[in-house]
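Analysis of the macromolecular model
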Amino acid sequence: MQRFVARIEILCNAEKRCPKSLGYTYEKSMDFCYLVHGQWLNWFTAQGVCAGERGQLVKVDTMEKLIYLNSSVTDNTKNYWTGANDQVIEGTFEWRDGTVLANDNEVWGLNQPDDWGGEDCCEIKPALGWKIQDDNCGSTLWFICEYVVLY
Ligand SMILES: [Ca+2]
Ligand SMILES: [Ca+2]
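Summarised in this report is the structure supplied together with it. (Residues numbered from 1 in each chain as written. Chains lettered and ligands numbered in written order. Predicted model: local features only at pLDDT ≥ 70, side-chain atom pairs only at ≥ 80, totals over all residues.)

To continue, consider the overall build of the protein. Broken down by element type, the protein carries 4 helices and 9 strands. Going residue by residue from the N terminus, the α and β elements of the protein occur as α-α-β-β-α-β-α-β-β-β-β-β-β. Looking at the protein as a whole, 30% of its 151 residues are labelled buried. Taking the intrachain contacts of the protein between residues at least 6 apart in sequence as the baseline, contacts between residues at least 24 apart amount to 60%. (Helix = DSSP H or I, 4+ residues; strand = E, 2+ residues; numbered from the N terminus. Buried ≥ 20, exposed ≤ 12 C-beta atoms within 10 Å, placed from the backbone. Contact = placed C-beta atoms within 7 Å.)

Set out below in C-alpha coordinates:
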(Lines give C-alpha, C1' and ligand atoms only; values in the text may rest on other atoms or scores of the structure.)
(Ligands and ions follow the chains in the order given, each with its own letter.)
Protein backbone atom coordinates (compact mmCIF):
# COMPACT_ATOMS: atom_id res chain seq x y z
CA MET A 1 0.00 0.00 0.00
CA GLN A 2 2.85 2.32 0.87
CA ARG A 3 4.46 1.82 -2.54
CA PHE A 4 1.16 2.35 -4.33
CA VAL A 5 0.58 5.69 -2.60
CA ALA A 6 4.11 6.83 -3.38
CA ARG A 7 3.66 5.99 -7.08
CA ILE A 8 0.42 7.99 -7.33
CA GLU A 9 2.11 10.98 -5.74
CA ILE A 10 4.98 10.84 -8.24
CA LEU A 11 2.59 10.61 -11.19
CA CYS A 12 0.64 13.62 -9.93
CA ASN A 13 3.88 15.51 -9.65
CA ALA A 14 4.91 14.93 -13.28
CA GLU A 15 3.66 18.35 -14.30
CA LYS A 16 5.37 19.93 -11.32
CA ARG A 17 8.65 18.24 -12.23
CA CYS A 18 8.60 19.55 -15.81
CA PRO A 19 11.39 22.20 -15.73
CA LYS A 20 9.38 25.23 -16.82
CA SER A 21 12.16 27.44 -15.50
CA LEU A 22 14.24 26.16 -18.44
CA GLY A 23 11.41 27.01 -20.85
CA TYR A 24 9.82 23.56 -21.01
CA THR A 25 6.10 23.16 -21.74
CA TYR A 26 3.90 20.49 -20.18
CA GLU A 27 1.11 18.87 -22.22
CA LYS A 28 -1.20 17.07 -19.88
CA SER A 29 -3.11 14.95 -22.43
CA MET A 30 0.10 13.09 -23.31
CA ASP A 31 1.95 13.60 -20.00
CA PHE A 32 4.59 15.17 -22.18
CA CYS A 33 7.18 17.78 -21.25
CA TYR A 34 9.25 19.31 -24.04
CA LEU A 35 11.31 22.26 -25.27
CA VAL A 36 12.10 23.43 -28.80
CA HIS A 37 15.70 24.64 -28.99
CA GLY A 38 16.40 27.36 -31.55
CA GLN A 39 20.08 26.48 -31.93
CA TRP A 40 21.76 24.87 -34.93
CA LEU A 41 23.51 21.75 -33.64
CA ASN A 42 24.42 18.35 -35.01
CA TRP A 43 22.49 15.37 -33.66
CA PHE A 44 25.14 14.32 -31.12
CA THR A 45 25.58 17.77 -29.60
CA ALA A 46 21.82 18.27 -29.53
CA GLN A 47 21.37 14.97 -27.67
CA GLY A 48 24.01 16.17 -25.20
CA VAL A 49 22.14 19.41 -24.57
CA CYS A 50 18.94 17.46 -23.90
CA ALA A 51 20.78 15.05 -21.56
CA GLY A 52 22.11 18.07 -19.67
CA GLU A 53 18.50 19.02 -19.03
CA ARG A 54 17.74 15.48 -17.79
CA GLY A 55 16.05 14.70 -21.05
CA GLN A 56 16.59 13.26 -24.49
CA LEU A 57 15.87 14.20 -28.06
CA VAL A 58 12.13 13.92 -28.47
CA LYS A 59 10.39 10.60 -29.10
CA VAL A 60 7.73 11.03 -31.78
CA ASP A 61 6.22 7.65 -32.49
CA THR A 62 2.54 8.51 -32.91
CA MET A 63 0.69 10.82 -35.28
CA GLU A 64 -1.03 12.36 -32.24
CA LYS A 65 2.30 13.48 -30.81
CA LEU A 66 3.67 14.53 -34.21
CA ILE A 67 0.62 16.68 -34.95
CA TYR A 68 0.76 18.19 -31.49
CA LEU A 69 4.45 19.07 -31.91
CA ASN A 70 3.89 20.50 -35.36
CA SER A 71 1.24 22.84 -33.96
CA SER A 72 3.80 24.22 -31.51
CA VAL A 73 6.72 24.33 -33.97
CA THR A 74 5.42 27.03 -36.23
CA ASP A 75 8.60 27.84 -38.16
CA ASN A 76 8.29 25.77 -41.32
CA THR A 77 11.71 26.86 -42.57
CA LYS A 78 13.48 24.74 -39.94
CA ASN A 79 13.97 21.00 -39.55
CA TYR A 80 14.07 19.59 -36.01
CA TRP A 81 16.09 16.68 -34.65
CA THR A 82 14.24 13.87 -32.93
CA GLY A 83 15.78 10.95 -31.05
CA ALA A 84 15.27 8.16 -33.59
CA ASN A 85 18.44 6.86 -35.21
CA ASP A 86 19.83 3.74 -36.88
CA GLN A 87 23.47 4.17 -35.87
CA VAL A 88 23.64 0.72 -34.22
CA ILE A 89 21.91 -1.38 -36.88
CA GLU A 90 21.44 0.17 -40.31
CA GLY A 91 17.74 0.28 -41.14
CA THR A 92 16.56 -0.28 -37.54
CA PHE A 93 15.58 3.04 -36.00
CA GLU A 94 15.64 3.19 -32.23
CA TRP A 95 14.68 5.78 -29.66
CA ARG A 96 16.82 6.49 -26.61
CA ASP A 97 14.73 4.08 -24.53
CA GLY A 98 15.58 1.23 -26.90
CA THR A 99 12.16 0.94 -28.54
CA VAL A 100 12.07 0.72 -32.31
CA LEU A 101 10.39 3.07 -34.77
CA ALA A 102 8.79 0.68 -37.23
CA ASN A 103 9.47 1.38 -40.89
CA ASP A 104 5.73 1.33 -41.60
CA ASN A 105 4.85 3.87 -38.87
CA GLU A 106 2.74 6.66 -40.38
CA VAL A 107 5.02 9.36 -38.91
CA TRP A 108 7.51 8.69 -41.74
CA GLY A 109 7.43 11.06 -44.68
CA LEU A 110 7.00 9.83 -48.24
CA ASN A 111 9.69 7.34 -49.31
CA GLN A 112 11.50 7.61 -45.94
CA PRO A 113 13.70 6.34 -44.49
CA ASP A 114 15.98 6.18 -47.54
CA ASP A 115 19.50 6.41 -46.02
CA TRP A 116 20.33 8.82 -48.84
CA GLY A 117 24.10 9.22 -48.79
CA GLY A 118 24.23 7.49 -45.39
CA GLU A 119 21.58 9.02 -43.12
CA ASP A 120 21.26 7.70 -39.55
CA CYS A 121 19.41 10.39 -37.56
CA CYS A 122 15.79 11.47 -37.82
CA GLU A 123 14.27 14.91 -38.07
CA ILE A 124 10.82 16.44 -38.38
CA LYS A 125 10.77 18.14 -41.76
CA PRO A 126 8.01 20.65 -42.57
CA ALA A 127 8.87 20.47 -46.29
CA LEU A 128 8.12 16.75 -46.13
CA GLY A 129 4.54 17.19 -44.97
CA TRP A 130 5.69 17.88 -41.38
CA LYS A 131 6.73 14.27 -41.10
CA ILE A 132 9.92 12.40 -40.20
CA GLN A 133 12.87 11.51 -42.36
CA ASP A 134 16.39 10.25 -41.82
CA ASP A 135 19.14 12.83 -42.38
CA ASN A 136 22.92 13.08 -41.97
CA CYS A 137 23.67 13.13 -38.20
CA GLY A 138 26.30 15.81 -38.78
CA SER A 139 23.81 18.30 -40.19
CA THR A 140 23.14 21.22 -37.88
CA LEU A 141 19.44 21.64 -37.14
CA TRP A 142 17.14 23.02 -34.49
CA PHE A 143 15.98 20.30 -32.09
CA ILE A 144 13.37 19.29 -29.57
CA CYS A 145 14.16 17.88 -26.13
CA GLU A 146 11.75 15.79 -24.10
CA TYR A 147 12.13 15.81 -20.34
CA VAL A 148 12.08 12.33 -18.89
CA VAL A 149 10.54 11.92 -15.47
CA LEU A 150 12.59 9.34 -13.61
CA TYR A 151 10.26 7.23 -11.50
CA1 LIG B 1 20.78 4.80 -42.01
CA1 LIG C 1 16.20 10.57 -45.83
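A separate point is helix α3 (residues 43-52). Residues Trp43, Ala46, Gln47 and Cys50 constitute the buried set of α3. Axial view of α3: buried residues confined to an arc of 100°, hence all on one face. Along α3, the residues that are exposed and aim more than 90 degrees away from the buried face are Gly48 and Gly52. In this fold, the buried residues of α3 make contact with β2 (32-41), β3 (55-57), β4 (80-89), β7 (121-125) and β9 (141-147). Of the residues one or two after α3, arginine 54 is the one with positive phi, at around 60°. (Arc of directions from axis to C-beta.)

This part covers the pairing of β2. Relative to β2, strand β1 (residues 25-27) is paired through 3 bridges, and the arrangement is antiparallel. Considered in β2, the bridge of tyrosine 26 is made with cysteine 33. Taking the residues that link successive antiparallel strands as the turn, the β1-β2 hairpin has 4 residues, and the phi of aspartate 31 there is positive, at about 50°. In terms of strand pairing, β2 meets β9 through 5 bridges, oriented antiparallel. In the sheet register, valine 36 faces β9, and the bridge partner there is isoleucine 144. (Pairing = 2+ DSSP bridges.)

Side chains of a nonpolar character, in soluble globular proteins, are inclined to be buried together. Formed by 30 residues in total, the largest nonpolar core has its most connected members in Leu57, Trp81, Phe143, Ile144 and Cys145. Every element with two or more residues in this core is listed here: β2, α3, α4 (63-72), β4, β7 and β9. Counting residues per element, this core draws most heavily on β9, which supplies 6 residues. (Core = buried A, V, L, I, M, F, W, Y, C linked by C-beta atoms within 7 Å.)

On to unusual backbone geometry. In this structure, proline 113 follows glutamine 112 across a cis peptide bond, with omega equal to 0°. With respect to the helices and strands, proline 113 occurs in the loop between β6 (100-101) and β7. Notably, asparagine 111 is not glycine yet its phi reads approximately 65°, a positive angle. Checked against the element boundaries, asparagine 111 lands in the loop between β6 and β7. In this structure, aspartate 115 takes a positive phi of about 50° despite not being glycine. Assignment of secondary structure puts aspartate 115 in the loop between β6 and β7.

Assignment of secondary structure puts lysine 65 in helix α4. Note: C-alpha distance between lysine 65 and methionine 30 (35 residues apart in sequence) is 7.8 Å. When neighbours within four sequence positions are excluded, lysine 65 is seen to be in contact with Met30 and Val60.

Take the pairing of β9 next. Among the 7 residues in β9, 7 count as buried, and that is most of the element. Sheet analysis places β3 next to β9, joined by 3 bridges and oriented antiparallel. Its bridge partner being in β9, leucine 57 is matched across the sheet by cysteine 145. Here β4 runs beside β9; their pairing, made up of 2 bridges, is parallel. Bridging from a neighbouring strand, tryptophan 81 pairs with phenylalanine 143 of β9.

Bear in mind that shape data such as this cannot, by itself, settle questions of function.
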